[in-house]
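# Report on the structure
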Amino acid sequence: MTEHLERKLRLCRSLKAKIVGRVPLETGGPGDGPALGSLEGLDSVLLEHDIQRVILAPTTAEDSDQTLDLIRLVKSLGVKMSVLPRLFEIVGSSVEFDDLEGTVVLGLKRHGLTHSSGALKRATDVVGSSLALVVFAPVLLVAALAVRLTSPGPVLFRQARVGRYGEPFEMLKFRTMVDGAEQLQTGLHLLNEAEGLFKITDDPRMTRVGRFLRRTSLDELPQLLNVLRGDMSLVGPRPLVLEEDKLIHGWHRRRLVSPPGMTGLWQIFGSSRIPLEEMVKIDYLYGAN
């Protein structure tokens, strides 16, 4: 977990922080790297190393009283506290708190949208994509001409993607690579920069115009047609290619309950830096919330 958090902190460029060390929650417990001390001497460790924040990352079902005592101790020393709650990997943050005569009960909402919310989302998609197609019509025309005039091949790139409930559909993009680029992918796997996905920042198959379209995300504009005809939504989980979808198993496949989107949380976080395993968790939590 320590190495995992260190990697996340390195990727989060806006956060100037580093891992000082770890203290195991139990003697001989799992962990990576040497420990700064024991849980019994945590107060001394915090003061000695001038710790600014403690991250509690339980790996098993630790005793709840011990966890509460730990949180109280850290807060009493004036140190900030963060918790990696395993429960919220499944339920997300869309919860309700009910008070039953002093007993707090956590209420979990159903996964996905209600029928009325789904209808509202679809109406938003239709209106939003229609307006966007009108507004961006000149941009679409210029981009199409640029692709056509600068490299041989079709203007649009059509690719089979996995849609809602696992139904495949044909996703549209402006062609940003040389014609037949998919046949050249086999020889480029050593350059892949993502885990589970295939992504290369400076892909040698990209054309000069395609590089600009990728950098500005203008290559995604034809997907407004996918949204208009109901294959996609403006916001939702990333639609995976068939080979990537085969790697998703178990409850992670609940991500397919939500219609795939032109954009979503994984793009905001930095799509090329998020491994497939974590990306599908983000997509699942989008539906859970």
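Quick caveat, the model's predicted, so the values are computed rather than measured. (Residues numbered from 1 in each chain as written. Predicted model: local features only at pLDDT ≥ 70, side-chain atom pairs only at ≥ 80, totals over all residues. Heavy atoms only, no water.)

## Things to note about the overall build of the protein
When its secondary structure is counted, the protein shows eleven helices and eight strands. Within the protein, contacts between residues at least 6 apart in sequence are counted, and of these 63% link residues at least 24 apart. Just so you have it, the protein exposes about 17,600 Å², and 59% of that area is on carbon and sulfur atoms. (Helix = DSSP H or I, 4+ residues; strand = E, 2+ residues; numbered from the N terminus. Contact = heavy atoms within 4.5 Å. Areas by Shrake-Rupley, 256 points an atom, 1.4 Å probe, with all protein chains shown as cover.)

## Regarding helix α5 (residues 115-135)
Along its 21 residues, α5 runs 30 Å from first to last C-alpha, staying within 8% of the 30 Å computed at 1.5 Å per residue. Among the residues making up α5, those that are buried are Lys121, Asp125, Ser129, Ala132 and Leu133. Buried residues in α5, looked at end-on, bunch into an arc of 95 degrees, giving them a common side. Exposed positions of α5 whose direction lies more than 90 degrees from the buried face are Ser116, Leu120, Val127, Leu131, Val134 and Val135. Those residues of α5 that are buried lie in contact with α6 (137-150), α8 (223-228), β7 (233-235) and α11 (276-288). (Expected span 1.5 Å × (residues − 1). Buried < 20%, exposed > 50% of the residue type's maximum accessible area, 1.4 Å probe, protein only. Arc of directions from axis to C-beta.)

## Observations concerning the environment of glutamate 244
With respect to the helices and strands, the residue glutamate 244 is situated in helix α9 (residues 242-245). When the C-alpha atoms of glutamate 244 and arginine 161 are compared, they prove to be 9.5 Å apart, with 83 residues separating the residues in sequence.

## Focus: a nonpolar patch on the surface
Taken together, the side chains of Phe97, Val104 and Leu106 present a nonpolar region at the surface, about 310 Å² in accessible area. Looking at the element boundaries, valine 104 is found in strand β4 (residues 103-108). For valine 104, a relative accessible area of 59% corresponds to the exposed category. (Patch = residues over 30% accessible without salt bridge, like charges linked within 9 Å, V, L, I, M, F, W, Y side chains within 5 Å. Salt bridge = Lys/Arg side-chain N within 4 Å of Asp/Glu carboxyl O.)

## Overview of the environment of tyrosine 284
In this fold, tyrosine 284 is placed in helix α11. When the C-alpha positions of tyrosine 284 and arginine 254 are compared, they lie 6.3 Å apart, and in sequence the two are 30 residues distant.

## Considerations on the nonpolar core
Core analysis: the biggest nonpolar cluster contains 16 residues, and Leu140, Phe174, Leu213, Leu224, Met232 and Met262 have the highest contact counts within it. With residues near it in sequence (within four places) discarded, methionine 262 still touches Glu220, Gln223, Leu224, Val227, Met232, Ser233, Leu234 and Gln267. (Core = buried A, V, L, I, M, F, W, Y, C linked by side-chain atoms within 4.5 Å.)

## Brief notes about the pattern of salt bridges
Inspection of the entire model under this criterion finds nine salt bridges. A salt bridge links aspartate 69 to arginine 72; the shortest N-O distance between them is 3.1 Å. Of this pair, aspartate 69 and arginine 72 both sit in helix α3 (residues 64-76), separated by three residues, roughly a single helical turn. Measuring nitrogen to oxygen at the nearest pair gives 3.7 Å for the salt bridge that ties lysine 173 to aspartate 219.

## Observations regarding the packing of aromatic side chains
Taken as a whole and judged by the stated rule, the model has one aromatic pair. Note on tryptophan 251 and tyrosine 284: the rings are 4.9 Å apart at their centroids and 75 degrees apart in plane angle, and the pair reads as edge-to-face. You can see tryptophan 251 sitting in the loop between α9 and β8 (261-263) and its partner tyrosine 284 sitting in helix α11, a full 33 residues away along the chain. Under the relative-accessibility criterion, tryptophan 251 is labelled partly exposed at 34%. (Phe/Tyr/Trp six-rings, centres within 6.5 Å; stacked < 30°, edge-to-face > 60°.)

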